[in-house]
Amino acid sequence: MNKLSFFFRILIFVFCVITPKVTEAGMVSYAAAMQFLKIPVGARSSGMGEAFTAIADDASAIWWNPAGMAFLPQSELSVMCSKWLPQYNWDDLRLCNFSAMHNFENIGTAGLNVTYNYFGKIQRTSAIGTDLGTFRAYELAVTCAFGTKITDNFAFGVAGKYIYSNNSPLDCEECFGNDKVSGWAVDYSMMYKYNLDRIFKYPEARFFRLQAGTNLVNIGPMIKEYKYYCTGDKPLPANLRSGLALIYQYEDYFKASLSYEIEKELVTLYSDGSFDPVYQAIFTSWHDDGDFLSPEERREFIRHAGIELWFMNAAALRFGHYNDIRGSFKGNTRGFSLQYMSLKFDYSYLSADKNQPSNQTERYQLSIFFHHIKKFDLTPWN
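Here the structure is a predicted model, which is why all the values come from computation and not from measurement.

Draft legend 1. Seen up close, the overall build of the protein chain. Each helix and strand in the protein chain was counted, giving seven helices and 16 strands. For the protein chain, contacts bridging at least 24 residues in sequence account for 59% of all contacts bridging at least 6.

Set out below in structure tokens:
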């Protein structure tokens, strides 16, 4: 037995001791509360197969990896909107997002993100079918984030979010609960950059860099009074995303980014309908369906890959793929950017199986970079 295998076995033993309930029949949950918190932000990242945690170099870093903001000198505003789940043909089903960030020199970068998931007008009726009018159903998340450098190449980020869901204007009579639900959560992230120029000895006009990023999100208490389906309290969709990116740039003429990442939901649901609290599920979700990193557990990983090509600081092309084996869902993505001075437009398109509600999802995003005007710098990735 090698040292690494022995180390992992010790970790598993410790997890089982501190969380004995894991020995029961467990199964991974995709039924956590507030699933909209897992919907990715940004048209650019969506065009890259949602493999953006190790890149996170624009305002969407507030969602993807707040640590990435620490390396960004600019102030930025961006707005994104898309028709959500187009296969349902519901014209009023929308996903909108607003992001803003500002760099404080020698301190760090702060950001604000607002995600609004709108379900449209819903008809209300009484138990006997009486028309009670309509109400607007929506879900909202407001996130404040901050990223700062620990060293020149390593940064840490943290984010706090307020979550609100309004799926009904009235209390649930059967459950004596309330369909207006609120909660809070915290995200923790890191990013590391390593310049491969030291190995490949590129001229000053070029650079070749390896980046690694990880983001642990939606760490918070159970949602109280979560009675939509009379199921009692539920956990938030705690999630871990980790990725690597290779980035090559030649002056302002060309830039290529290749990224890959793995995503895993950190929720443990038992056969009796109970959940582990998040501080336990962070550990038990790795071995509730089998041994640590067994084939059964690896099937829970969602894999993302993407590539981005920039030309002359003015246009970009993107392609990506992601695969959710456990959920039997995979899709291909593509997109582009057009940039002029301080304005940038991003577009992405998702193609998946025809029976998937997210097939043919399109996203549109407009961004403004204020540092371009101040410094007369046309390059969005410096």
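Anyway, onward from the coordinates.
Draft legend 2. Seen up close, empty space enclosed by the protein. Counting across every chain of the model gives four cavities of 30 Å³ or more. One number sums up the size of the largest cavity: a volume of about 100 Å³. Surrounding the largest cavity, Leu-37, Lys-38, Trp-63, Trp-64, Lys-161, Asp-187, Asn-215, Val-217, Asn-218, Asn-239, Arg-241 and Glu-263 form its lining. Looking at the lining of the largest cavity, the elements with two or more residues in it are α3 (61–64), β8 (206–219) and β9 (239–250). Take the lining of the largest cavity: its biggest share by element is three residues, from β8. Looking at the lining of the largest cavity residue by residue, the classes come out as four nonpolar, three polar and five charged.

Draft legend 3. Spatial organisation of the pairing of strand β14 (residues 329–340). Residues Phe-329, Gly-331, Thr-333, Gly-335, Ser-337 and Gln-339 of β14 are buried on one face, while the alternating residues Lys-330, Asn-332, Arg-334, Phe-336, Leu-338 and Tyr-340, pointing to the opposite face, are not. Taken together, the ten bridges between β14 and strand β15 (residues 343–352) define a ladder with antiparallel strand orientation. Residue pairing in the sheet places Tyr-340 in a bridge with Leu-343 of β15. Adjacent in sequence and paired antiparallel, β14 and β15 are bridged by two residues, among which Met-341 carries a positive phi angle near 55 degrees.

Draft legend 4. Spatial organisation of the pattern of salt bridges. Inspection of the entire model under this criterion finds twelve salt bridges. For Asp-57, the salt bridge identified is with Arg-44, shortest N-O distance 2.6 Å. A residue pair is termed long-range when its members are at least 10 positions apart, and Asp-57 in the loop between α2 (43–47) and α3 and Arg-44 in helix α2 qualify at 13 residues. Each member of the pair, Asp-57 as well as Arg-44, carries the same accessibility label: buried.

Draft legend 5. Representation of a nonpolar patch on the surface within the structure. Together, Leu-210, Leu-244, Leu-246, Tyr-250, Tyr-253, Leu-258, Ile-307, Phe-311, Met-312, Leu-317 and Phe-319 make up a nonpolar patch on the protein surface, roughly 960 Å² of accessible area in all. Elements supplying a minimum of two residues to the nonpolar patch: β9, β12 (302–311) and β13 (315–324). No other element matches β9, which puts three residues into the nonpolar patch. One can find Leu-317 in strand β13.

Draft legend 6. Just the packing of aromatic side chains, in detail. Applying the stated criterion across every chain, the model contains twelve aromatic pairs. Their ring planes at 40 degrees and their centres at 6.0 Å tell us that Tyr-138 and Tyr-164 sit as a pair that is tilted. Within this pair, whereas Tyr-138 is found in strand β5 (residues 131–149), its partner Tyr-164 is found in strand β6 (residues 154–172), the two being separated by 26 residues in sequence. A relative accessible area of 21% places Tyr-138 in the partly exposed class. Between the aromatic rings of Phe-336 and Phe-345, the centroid separation amounts to 6.2 Å while the plane-to-plane angle is 55 degrees, which identifies the pairing as tilted. An aromatic cluster of three or more residues is present, and its members are Tyr-116, Tyr-118, Tyr-138 and Tyr-164. The cationic tip of Lys-193 hangs over the ring face of Phe-71; the distance from NZ or CZ to the ring centre is 4.2 Å. Over the ring of Trp-286 we find Lys-264, and its NZ or CZ is 5.4 Å from the ring centre.

Draft legend 7. Geometry of the confidence of the model for the protein chain. Summing up the model confidence of the protein chain, the mean pLDDT is 80 and the portion of residues at 70 or higher is 80%. Overall, residues 1–29 carries pLDDT values under 50, and its contacts beyond four positions in sequence, including any with other chains, amount to 41 contacts. Below a pLDDT of 50 lies the segment residues 171–177, which in the model reaches eleven contacts outside its immediate sequence neighbourhood of four places, other chains included.

Each value, and the rule that gives it
Residues numbered from 1 in each chain as written. Predicted model: local features only at pLDDT ≥ 70, side-chain atom pairs only at ≥ 80, totals over all residues. Heavy atoms only, no water. Helix = DSSP H or I, 4+ residues; strand = E, 2+ residues; numbered from the N terminus. Contact = heavy atoms within 4.5 Å. 1 Å grid on protein atoms, 1.4 Å probe; cavity = no way out; pocket = protein on both sides within 12 Å on 5 of 7 lines; lining within 4 Å. Points joined across faces, edges and corners; volume = space filled by probe spheres on them. Nonpolar A, V, L, I, M, F, W, Y, C, P; charged D, E, K, R; others polar. Buried < 20%, exposed > 50% of the residue type's maximum accessible area, 1.4 Å probe, protein only. Pairing = 2+ DSSP bridges. Salt bridge = Lys/Arg side-chain N within 4 Å of Asp/Glu carboxyl O. Patch = residues over 30% accessible without salt bridge, like charges linked within 9 Å, V, L, I, M, F, W, Y side chains within 5 Å. Areas by Shrake-Rupley, 256 points an atom, 1.4 Å probe, with all protein chains shown as cover. Phe/Tyr/Trp six-rings, centres within 6.5 Å; stacked < 30°, edge-to-face > 60°. Lys NZ or Arg CZ within 6 Å of the ring centre and 35° of its normal. pLDDT = per-residue confidence, 0-100.

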